[in-house]
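Summary of the model geometry
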Amino acid sequence: MAKNHVEEFRGDLEAFREMTEKFYAGELTVPQYKAFSGGFGSYAQRGGERSMLRLRLTGGEIRPEELQFIVDSIAAYRIDRVHLTTCQSVQFHDLTKETVCDLAEDAFDHGIITRGGGGDYPRNVMCSPLSGVEKEECFDVLPYAREAADYVLGLIHTVKLPRKLKICFENGVKNDTHATFRDMGFVAQKDGTFLVYVAGGLGSNPRMGIKVAEKAAPSEILYYIKSMVDMFTEYGEYERRAASRSRYLQNTLGPEGICRVFAEKLAANRAAGGLTIAADVREVTKKGHGTIRAPRVTQQKQDGLYAVSYHPCGGNPAPEFFGRLQAAIRDWAAVRVRIAPDQGMYLVNLTAEEAQRVLELTNDGAATLFERSVACVGANTCQVGIGRSQELLAACLERVRKEGFADGVLPRIHISGCPSSCSAHQIGALGLRGGKKPTPEGPKDSFAIYENGSPAFGQERFGEDLANMLEENIPEFLVTLGREITKEGMTYPQFRQAYPDRLREIAGQFA
């Protein structure tokens with residue numbers, strides 16, 4: 001992280017402290033405080049008695065000094081709830097007014113900027129979590145994500161966006177970051193260039209991205225980012241907040257108009273010059289030895305090195321886990337922690353012996369695809385949440401584990417507490433969105449269920465309506481579905497393809 005950005009934003013922290021004091025003194029409403037605090041990566045939790053703070057971690061990578069900060073902060077501030085987000089960040093929860101302000105200042109002192117972690121700003125720049133180590137990748141895109149992150153931080157004081165802007169980089173393998181339907185996505189190609197997509201997004205009125213460029217030179221990514229910012233600020237909606245995300249440009253400009261305007265902005269920015277980069281691409285020089293095979297282990301493209309995945313259920317690692325992790329890896333050369341967009345993490349650049357140690361350290365995490373399900377923080381924490389996402393996931397996991405289904409019988413589910421789609425429920429094999437359902441006893445908590453969504457390259461699609469179920473019925477729906485699939489000797493994708501009508505019949509029993 002460039003030091004000048006830390007110093008640039010440090011002066012803003014005094015205003016953050018003042019506004020936080022006013023909010024907790026009752027001088028500001030929740031919406032008034034949210035409009036300000038979001039720009040510092042902080043929001044008041046539901047009830048207005050505690051706050052959360054989101055760390056800005058480019059590409060989800062936690063460097064050794066950042067891991068040290070996380071460990072020290074958990075101990076110093078007695079933090080008892082940590083959450084891994086789908087935008088590859090770490091969130092601290094249940095913070096007092098004093099803690100949230102002091103912690104934000106401490107983060108700055110350690111080179112971690114929270115500015116723009118929320119609010120109408122360029123957000124944390126995302127990246128394929130295995131970039132640089134994945135065998136099938138086109139090329140390492142993390143160095144370009146770092147350059148992009150540094151650039152957009154410089155826009156926070158100079159550009160007023162209509163809403164947030166999410167930028168991501170994909171190494172061309174899995175589309176983990178949803179590059180083809182984000183506000184802006186760069187997708188690596190085998191020839192060393194990028195495809196560029198813009199104006200996509202999930203949530204209300206979701207849209208797939210519009211491809212505005214092929215064969216974009218990596219050295220020119222900042223020209224593309226500036227062109228997107230210029231288009232968004234000129235044509236984005238500043239008055240009606242519900243229509244102010246970049247995907248609504250598809251309504252106002254249309255796909256052809258977006259391509260035309262973007263090309264015009266790009267030509268003008270290239271002519272102005274000054275944004276060409278030479279990213280610091282570094283090869284992993286660590287040498288590995290030994291071999292290891294395990295379901296959570298991925299062999300890297302570097303001979304003898306491995307990556308190990310860890311998915312704490314619901315994206316909620318025990319706070320003390322970070323201390324145990326740091327103690328284990330502090331003397332291991334080149335090892336890095338990468339937060340993944342599915343609320344899990346990877347440790348990369350491990351020898352076989354180190355990978356075995358990490359497997360033992362992380363044996364409390366998800367063991368099946370279903371246990372790697374994704375859930376937002378939900379209505380018990382989020383001010384705008386409707387459904388209790390984390391509680392529902394916990395209930396589903398508890399019920400399903402009793403059945404002992406084989407891995408793959410049930411898919412990963414994505415649970416969002418509201419239409420914002422923080423869990424990406426709209427592109428899940430099964431996605432759930434919180435709401436209310438009328439019953440003879442009055443409205444009850446329910447979830448709209450979607451099926452057959454996909455983020456995979458070339459197969460991107462939004463899920464279709466399946467049912468609207470009361471929250472209390474969803475665990476049994478999943479168990480009934482799992483039993484039917486087990487009876488057929490199939491996995492969920494095989495069952496869904498063979499018996500789509502039966503899937504709907506089972507859902508209908510619980511709707």
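Residues numbered from 1 in each chain as written. Predicted model: local features only at pLDDT ≥ 70, side-chain atom pairs only at ≥ 80, totals over all residues. Heavy atoms only, no water.

**A few points about the pattern of salt bridges**
Taken as a whole, this structure holds 39 salt bridges when the rule is applied. Asp-120 serves as the salt-bridge partner of Arg-241, at 3.0 Å between the closest nitrogen and oxygen. Here the residue Arg-241 occupies a position in the loop between helix H7 (221-235) and helix H8 (249-252), and Asp-120 occupies one in the loop between helix H5 (97-109) and strand S6 (126-127), the gap between them amounting to 121 residues. The exposure class of Asp-120 is partly exposed, given its relative accessible area of 22%. (Salt bridge = Lys/Arg side-chain N within 4 Å of Asp/Glu carboxyl O. Helix = DSSP H or I, 4+ residues; strand = E, 2+ residues; numbered from the N terminus. Buried < 20%, exposed > 50% of the residue type's maximum accessible area, 1.4 Å probe, protein only.)

**A closer look at the sheet that holds strand S9 (residues 194-198)**
In sheet architecture, strand pairing relies on hydrogen bonds along the backbone and comes in two forms, parallel and antiparallel. Judged by pairing direction, the sheet is mixed, and its five strands sit side by side in the order S6-S7-S8-S9-S10 without closing on themselves. Edge positions in the open sheet fall to S6 and strand S10 (210-216), since each of these has one partner strand only. Where S9 lies against S10, four bridges are found, and the strand directions are antiparallel. Bridge pairing in S10 links Phe-194 to Ala-216. Docked against the sheet, helix H6 (residues 142-153) engages S6, strand S7 (167-170) and S9, running at close to 170° with respect to S7. Lying on the sheet, H7 is in contact with S7, strand S8 (184-188), S9 and S10; it crosses S8 at an angle near 155°. (Pairing = 2+ DSSP bridges. Contact = heavy atoms within 4.5 Å. Axes fitted to C-alpha atoms, helices over the stretch in contact; angles between N-to-C directions.)

**Some details on the sheet that holds strand S13 (residues 336-339)**
If you trace the five strands from one edge of the open sheet to the other, you get S3-S13-S14-S12-S11, paired in antiparallel fashion. Both edges of this open sheet fall to strand S3 (61-62) and strand S11 (297-299), since each of them pairs with a single strand only. Examined bridge by bridge, strand S12 (residues 306-310) and strand S14 (residues 345-350) share four bridges and lie antiparallel to one another. Bridge assignment links Ser-309 to a residue of S14, and that residue is Tyr-346. Against the sheet, helix H11 (residues 352-361) contacts S11, S12 and S14, and its axis sits at roughly 155° relative to S14.

**Brief notes about the layout of surface pockets**
Approximately 950 Å³ is the volume found for the second largest pocket. Glu-61, Leu-142, Arg-146, Arg-282 and Arg-336 are the residues nearest the centre of the second largest pocket, which is lined by 39 residues in total. Taken together, the elements giving at least two residues each to the lining of the second largest pocket come down to helix H4 (64-76), H6 and S13. Considering every element that reaches the lining of the second largest pocket, the biggest residue donor is H6, with seven residues. Classifying every residue of the lining of the second largest pocket by side-chain character gives 16 nonpolar, seven polar and 16 charged. (1 Å grid on protein atoms, 1.4 Å probe; cavity = no way out; pocket = protein on both sides within 12 Å on 5 of 7 lines; lining within 4 Å. Points joined across faces, edges and corners; volume = space filled by probe spheres on them. Nonpolar A, V, L, I, M, F, W, Y, C, P; charged D, E, K, R; others polar.)

**So, the packing of aromatic side chains**
Tallied over the entire structure, the rule returns 16 aromatic pairs. Aromatic side chains Phe-23 and Tyr-33 sit 4.5 Å apart centroid to centroid with 10° between the ring planes, which places their arrangement in the stacked category. Taken as a pair, Phe-23 in helix H2 (residues 13-24) and Tyr-33 in helix H3 (residues 30-37) lie far apart in primary sequence, ten residues in all. For the pair Phe-23 and Tyr-33, a shared accessibility class is recorded, and that class is buried. Members of the aromatic cluster, connected to one another through ring pairs, are Phe-139, Tyr-144, Phe-169, Phe-186 and Phe-194. The positively charged end of Arg-115 is found above the aromatic ring belonging to Phe-40, 4.3 Å away from the centroid. The aromatic ring of Tyr-499 is capped on one face by Arg-502, whose charged end is 4.1 Å from the ring centroid. (Phe/Tyr/Trp six-rings, centres within 6.5 Å; stacked < 30°, edge-to-face > 60°. Lys NZ or Arg CZ within 6 Å of the ring centre and 35° of its normal.)

Such coordinate-based values are descriptive only and should not be taken to indicate function.
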